[in-house]
Each structure stands twice: as C-alpha cells, then as structure tokens.
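Each chain, letter by letter, is given below.
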Amino acid sequence: MKRYIIVGAGILGATTAYKLVKSGADVLIVDQKGIGQATEAAAGIICPWLSQRRNKAWYNLAKNGARMYPKLVEELKADGILETGYAKVGALSLHKEEKKLLAMQERALKRRADAPEIGEVTLLNNRETKQLVPMIDEGYSSIYVRGAAKLDGMTFREALLKAAQNHGAKVLEGKATLYQKDNQVLGVFVENERYEADQVIAACGAWMNEFLAPIGVNFQSTGQKGQILHLDMPDLESKDWPVIMPPTNQSIVPFENRIVIGATHENNKGFDQRVTAGGVFDILSKALEVLPELENSTVLEARVGFRPFTPEFLPVIGRLPNVNGLALANGLGSSGLTTGPFVGTQLAKLVLGDTLDISLEDYDVNTAIK
C-alpha cells in the first residue's frame, strides 16, 4: 500500500485526501491551524457560468467543479456525512441596466449547451426579483440561475476530512517541512518528527513559496487578503433564499438567520490577519446598496483568509521539474471553493497514475517557478 502525505487541509487538500484514501491508499494529512487559510474564511457561490473571464482553461476547472458538487455530496452522504454546507438554492445576478442583464443571460444560455446543470436562466424585473428576496433594493432587476448553489467552505472541508478519517486517513496538526535527499522528496518533518511517504502532495495555498523554498524552488505565489462578515438577523427566514451576486466583485450568501457578505480583495498586505475598519467599511457599504435593511443587522463575526494566486492568475497543477516524489496544485484564487474539489480529484488521479480529465499542459507548474 502506498503512503501519501498531504500538506494543507483546505478544500483542495481535503478532497485529495478523501479521494486517495477511498482508493485504498494510506494517507496522512498535515495542517497548520490559525494562519488564515482561505477555506476557513470562505462562504461562497457556486455559479461560474456568468463569469466574463475569457480563459478557457480556468472555465474548464470552474465548470467541472460546479458539476461535480452534487455527486460529491451524495458520495459523502453514502459515507454517513449528512452536513456538508452545500445547498442548491439558485442565484440572483443583479444589475440596474437591462442591457447588462441580457448579456449575462445570453452568456449563460450559450454555456448551458455544454453545462446543462445550469438549469433555468430567467430575466426577472425588479418586482419579480424582490419576490424572491424582499430585502433587495427596488432599483435592481436580475438574472435568476436555478442551478447555482451556496457553500459554507469550512463545513464542507470538515465533512471531507471526517469522511477521509472514517476511511482510515490520519490528520496531524503542525507545520510541515520537506524531507529530501538529493532530488527526491521522501516525506516531511513535523515538530522534528519525521514522516516518510511515497509521495508528498503540497496543497498549502498562499504559503507554497515558503514551503518549497528550503529545497531551492523559487515558487511565485501571493496571498490575497479577504475579509468577510457574518451578520445576524434572527427573525429572517433566509435559509432558502437564492445567493445574491451584486454588480461588484463581492457576494451575499444567505443562511438560516445569518447573511454572509464580502469579501474584500486586498493585495500586498502580507499575512496580516487583522479585521480592519477599511475592510469592514468596504464590505458594508457595497452590501447596503443592495440590501439596505442590513443596517439593522448584528455583526456576529469577521473572518480573514488568504487566497493563493500564481503569476498567470490560473491554477497550476502537476509535478515540480527535477524533483521526484512531490506533486502540487496552487493558485486557485477567489474561485477556490468552485474549483477546489475538481482540482483535488485531479491531483489524486495524478499520483495514483490514473487518467486525468484535464491536460496538465494547460496548468503548467513551470509558469509559477522563477
């Protein structure tokens, strides 16, 4: 039985672990808590089909990520994990200009030919929009996408880890450093304890450059800071509301008696885990334009995470050149919740020697190495 060590237990690493251990592998997951992992701060929208990004390689990951969620949820249920944080509730993409909404609808309908899971795509006027979410400002109309979903990233990650452990995976908390001889990675050290493996899989997000530097690899990744707010509205029946996509780069995700808003997109902040007044102002000012009644809500908590980006703003997946025994994926960025499970599945297939569903040439690791 081959042994795999996965460094990083965000949604990417957790999916990789789950898929590997279910194949019969021996799996050890090493994760460092409290450092601002992107998944722990994320509550997001699974609706990639309206995106204006023209990069076909990115869209292929996002489309397949959205497609695999229902099957993965059913797989987890079969393993006895019922609470996943995933719910298909539909999405409202808002705008005040009908021309913009019609362009969104046209884009989604074209993509539906290759992604029927999009489901119904409907143009709604402001009155019809408010019928679905009464709190939305009356100035907004929308495109309703029935196949969209919401996801609590932390809950889904915990579901994957619990299922993986039920199948025999082990989880170790601590900071991992690579154990290498010549150009062969043999395992990791955690708190001066050595753990050996046939393969190490690096899924350590915004900390990838720090992880690889000791073996002489100058990996080019950055951590984009994201602050997110959880608001409490105890009398609000919002559990089944569709997710809301305002005409900004933020999102509004309703849960039961709680609405999650954000997140910020802050570059060049290092790993500053502070919740800042500027970040809170940015989030609230944009959200209140869309849902003015949120001014009466209670701020329950704020979270901070760091999204990993690579130089091409496209995930990289594969093996390091001239280094044996190590595979990695990185650069999932702000679409990590959507793409993470699919990319993790491809990582598992890669190290198992199975046929992948993508071409690794489209996600060349060399583009992130200086």
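See above for the structure.
Draft legend 1. Main features of the overall build of the protein. The secondary structure content of the protein amounts to nine helices and 20 strands. Taken over C-alpha atoms, the radius of gyration comes to 21 Å for the protein, in line with the 21 Å a tight globule of 370 residues would show. With respect to the principal axes defined by its C-alpha atoms, the protein has extents near 65 × 45 × 40 Å. A total of 370 residues make up the protein; the buried ones form 56% of that total. Excluding contacts between residues fewer than 6 apart, the proportion of contacts in the protein whose partners are at least 24 apart in sequence is 74%. Per element, the accessible surface of the protein, about 16200 Å² overall, is 46% carbon and sulfur. Positive and negative charge centroids in the protein, built from 41 and 43 side chains respectively, lie 4 Å apart.

Draft legend 2. Region of interest: empty space enclosed by the protein. Under the counting rule described, the total for this entry stands at three cavities of 30 Å³ or more. If you add up the space inside the largest cavity, you get close to 50 Å³. Looking at the largest cavity, the residues that line it are I46, W49, A66, R67, P70, Y86, K88, E117, G147, A148 and A149. With three residues, the single largest contributor to the lining of the largest cavity is helix α3 (residues 56-78). For the lining of the largest cavity, the per-class residue count stands at seven nonpolar, one polar and three charged.

Draft legend 3. Structural view of the sheet that holds strand β10 (residues 176-181). In space, the three strands of this open sheet follow the order β10-β11-β12, with antiparallel pairing throughout. Each end of this open sheet is capped by a strand with a single partner; those strands are β10 and β12 (193-196). Neighbour-to-neighbour, the strand axes of this sheet turn through a mean angle of 35°, independent of strand direction. When β10 meets strand β11 (residues 184-190), the two strands line up antiparallel, connected through six bridges. When the bridges of β11 are listed, Y179 appears paired with G187.

Draft legend 4. Examining a negative patch on the surface more closely. Together, D235, E237, D240 and E256 make up a negatively charged patch on the protein surface. Among the structural elements, E256 can be located in the loop between β16 (251-255) and β17 (258-262). For E256, a relative accessible area of 54% translates into the label exposed.

Draft legend 5. Focus on the packing of aromatic side chains. Here the structure, examined in full by the defined rule, presents seven aromatic pairs. Their ring planes at 15° and their centres at 4.9 Å tell us that W207 and F271 sit as a pair that is stacked. Taken together, the residues W207 in the loop between β13 (199-202) and α7 (208-212) and F271 in the loop between β17 and α8 (277-290) connect sequence positions 64 residues apart. Overall, the relative accessible area of 14% leaves W207 in the buried class. By relative accessible area, which is 41% here, F271 ends up partly exposed. Joined through ring pairs, the aromatic side chains of Y69, Y86 and F156 make up one cluster.

Draft legend 6. Quick peek at helix α9 (residues 336-352). Between its terminal C-alpha atoms α9 stretches 23 Å, which fits the 24 Å expected from 17 residues at 1.5 Å a residue. Counting buried residues in α9 gives 15 out of 17 residues, a clear majority hidden from the surface. Positive backbone phi, approximately 80°, marks G353, located one or two places after α9.

Draft legend 7. Seen up close, the side chain of D31. Secondary-structure assignment places D31 in strand β2 (residues 26-31). At a separation of 3.0 Å, a polar atom in the side chain of D31 contacts the main-chain amide nitrogen of A9. Dropping the residues within four chain positions of it, D31 is found in contact with G8, A9, Q37, R157, L172, E173 and G174.

Draft legend 8. Fine view of the nonpolar core. L20, V27, C47, W49 and F156 are the most contacted members of the largest nonpolar core, which has 78 residues in total. By residue number, the principal contributor to this core is α3, which donates 11 residues. Non-local contacts of W49, meaning those with residues more than four positions away in its chain, are made with Y59, A66, R107, A108, R111, A115, E117, I118, V145, G147 and A148. V200, V217, F219 and V316 belong to the second largest nonpolar core, which has 26 residues in total.

What counts as what
Residues numbered from 1 in each chain as written. Predicted model: local features only at pLDDT ≥ 70, side-chain atom pairs only at ≥ 80, totals over all residues. Heavy atoms only, no water. Helix = DSSP H or I, 4+ residues; strand = E, 2+ residues; numbered from the N terminus. Rg over C-alpha atoms; globule rule 2.2 N^0.38 Å. Buried < 20%, exposed > 50% of the residue type's maximum accessible area, 1.4 Å probe, protein only. Contact = heavy atoms within 4.5 Å. Areas by Shrake-Rupley, 256 points an atom, 1.4 Å probe, with all protein chains shown as cover. Lys, Arg positive; Asp, Glu negative; His and termini not counted. Charge placed at Lys NZ, Arg CZ, Asp CG, Glu CD. 1 Å grid on protein atoms, 1.4 Å probe; cavity = no way out; pocket = protein on both sides within 12 Å on 5 of 7 lines; lining within 4 Å. Points joined across faces, edges and corners; volume = space filled by probe spheres on them. Nonpolar A, V, L, I, M, F, W, Y, C, P; charged D, E, K, R; others polar. Pairing = 2+ DSSP bridges. Axes fitted to C-alpha atoms, helices over the stretch in contact; angles between N-to-C directions. Patch = residues over 30% accessible without salt bridge, like charges linked within 9 Å, V, L, I, M, F, W, Y side chains within 5 Å. Salt bridge = Lys/Arg side-chain N within 4 Å of Asp/Glu carboxyl O. Phe/Tyr/Trp six-rings, centres within 6.5 Å; stacked < 30°, edge-to-face > 60°. Expected span 1.5 Å × (residues − 1). Polar contact = N/O pair within 3.5 Å; in protein donor to acceptor, adjacent residues only side chain to side chain. Core = buried A, V, L, I, M, F, W, Y, C linked by side-chain atoms within 4.5 Å.

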